[in-house]
Amino acid sequence: MMRLLGAELVAVEAGRVAIAAPVRPETSQQHGYAHAGLAWTIGDSAAGYSALSLTGAGEEVLTSEMKIHLLAPARGARLVAEGRVLRAGRRLIVVAAEIWAEIWAEDAAAPRRHVATMLGTMIPLAGGE
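**A closer look at helix H2 (residues 36–52)**
A turn of α-helix holds 3.6 residues, and therefore any two residues three or four places apart point the same way. Look at H2: 24 Å from first C-alpha to last across 17 residues, which is about the 24 Å you get at 1.5 Å a residue. Burial of H2 is extensive: 12 of the 17 residues sit out of reach of the surface. Residues Leu38, Ala39, Thr41, Ile42, Gly43, Asp44, Ser45, Ala46, Ala47, Gly48, Ser50 and Ala51 constitute the buried set of H2. The inward-facing, buried residues of H2 contact helix H1 (2–5), strand S2 (16–22), strand S3 (60–70), strand S4 (78–88), strand S5 (93–102) and strand S6 (112–125).

**Concerning the sheet that holds S6**
The 6 strands lie next to each other as S1-S2-S4-S5-S6-S3, forming an open sheet whose pairing is antiparallel. Looking at which strands have only one partner, the edges of the open sheet turn out to be strand S1 (8–13) and S3. Across the sheet, the mean angle separating the axes of adjacent strands is 20° when strand polarity is ignored. Two strands pair when backbone bridges link them, and S5 and S6 are joined in this way by 10 bridges, in the antiparallel orientation. Bridging from a neighbouring strand, Ile99 pairs with Ala116 of S6. This element, H2, spans S1, S2, S3, S4, S5 and S6 of the sheet and lies at about 40° to S4.

**Section: the side chain of Thr121**
Here Thr121 lies in strand S6. Here Thr121 falls in the buried class, since its relative accessible area comes to 14%. When near neighbours in sequence (up to four residues on either side) are disregarded, Thr121 contacts Leu62, Thr63, Ser64, Glu65, Leu92, Ile93 and Val95.

**Side note on the pattern of salt bridges**
Within the structure shown, the criterion is met by 5 salt bridges. The salt bridge involving Arg78 is made with Glu8; its shortest N-O contact spans 3.7 Å. Pair noted here: Arg78 is in strand S4 and Glu8 is in strand S1, with a separation of 70 residues, a long-range link. One salt bridge in this structure joins Arg112 and Glu82, with 3.0 Å as the shortest N-O distance. Taken together, the positions of Arg112 in strand S6 and Glu82 in strand S4 put the pair 30 residues apart, joining distant regions of the chain. Take Arg112: its relative accessible area is 36%, and that puts it in the partly exposed class. Given a relative accessible area of 30%, Glu82 falls into the partly exposed group.

**Some points on the nonpolar core**
The biggest cluster of nonpolar side chains holds 30 residues, and the ones touching the most others in it are Leu38, Ile42, Leu79, Val95, Ile99 and Met122. Mapped by element, the contributors of at least two residues to this core are H1, S2, H2, S3, S4, S5 and S6. Broken down by element, the residue count for this core peaks at 6 residues, all from H2. For Leu79, the residues in contact, after removing those within four places along its chain, are Ile19, Ala20, Ala21, Val23, Ala34, Leu38, Ala39, Ile42, Ala74, Ile99, Trp100 and Ala101.

**Some points on the pairing of S5**
Extensive coverage of S5 is indicated by the burial of 8 of its 10 residues. Summarising the sheet, S4 and S5 pair through 10 bridges and their orientation is antiparallel. Residue Val85 lies in a different strand from S5, and its bridge partner there is Val95. Here S4 folds back onto S5 in antiparallel fashion, the turn holding 4 residues.

Cut-offs used in this document
- Counting from 1, residues in each chain are numbered in the order their sequence is written.
- For a predicted model such as this one, the threshold for reporting local features is a pLDDT of at least 70, and the threshold for listing and counting side-chain atom pairs is 80 or more; totals across whole chains, interfaces and linings nevertheless cover every residue.
- Derived side-chain values reflect all non-hydrogen atoms in the structure, with water molecules and hydrogen atoms excluded from consideration.
- Secondary structure elements follow DSSP: runs of H or I no shorter than four residues count as helices, runs of E no shorter than two count as strands, and numbering proceeds from the N terminus.
- Helices are assigned an expected span. That span is 1.5 Å times one less than the residue count.
- Relative accessibility thresholds used throughout: buried, under 20% of the residue-type maximum; exposed, over 50%; partly exposed, between the two (1.4 Å probe, protein chains only).
- Any two residues whose heavy atoms approach within 4.5 Å at even a single point are treated as in contact.
- The pairing criterion is simple: DSSP has to find at least two bridges between the two strands.
- Orientation is described by axes fitted as lines to C-alpha atoms, over the contacting stretch for helices, and by angles from 0 to 180 degrees between their N-to-C directions.
- Between Lys or Arg on one side and Asp or Glu on the other, a salt bridge is scored when a side-chain nitrogen of the former is within 4 Å of a carboxyl oxygen of the latter.
- The criterion is simple. A nonpolar core is a set of buried Ala, Val, Leu, Ile, Met, Phe, Trp, Tyr and Cys residues joined through side-chain atoms within 4.5 Å.

So far we have only geometry, and geometry alone does not tell us how the molecule works.
Now the structure itself:
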């Protein structure tokens, strides 16, 4: 999915991951804003990778539940999702993500806008589950 969206990892550290994706016509809605599906997808992935960064070798994670609050229209050149772990347990990992729209250059007073926030739960899996 990340390849399809043209997304890339822009920051990785223990418990925190940022992913960016360009806003293209294919990922926009009828008014020209980034589609909520783009925000959700990179937010879920950033949160998931932040959880994965705290798991052991050979473990994976799956999203158990995720909710999104859309705060503002996602207008800009690209979206950046910043995922983080809120609490890592043995059976559940609670995660969050903030999604930002990087605004076009003519709006230099506000180079990015907070467009969505997400809260979810990941479950760690042993390698072959």
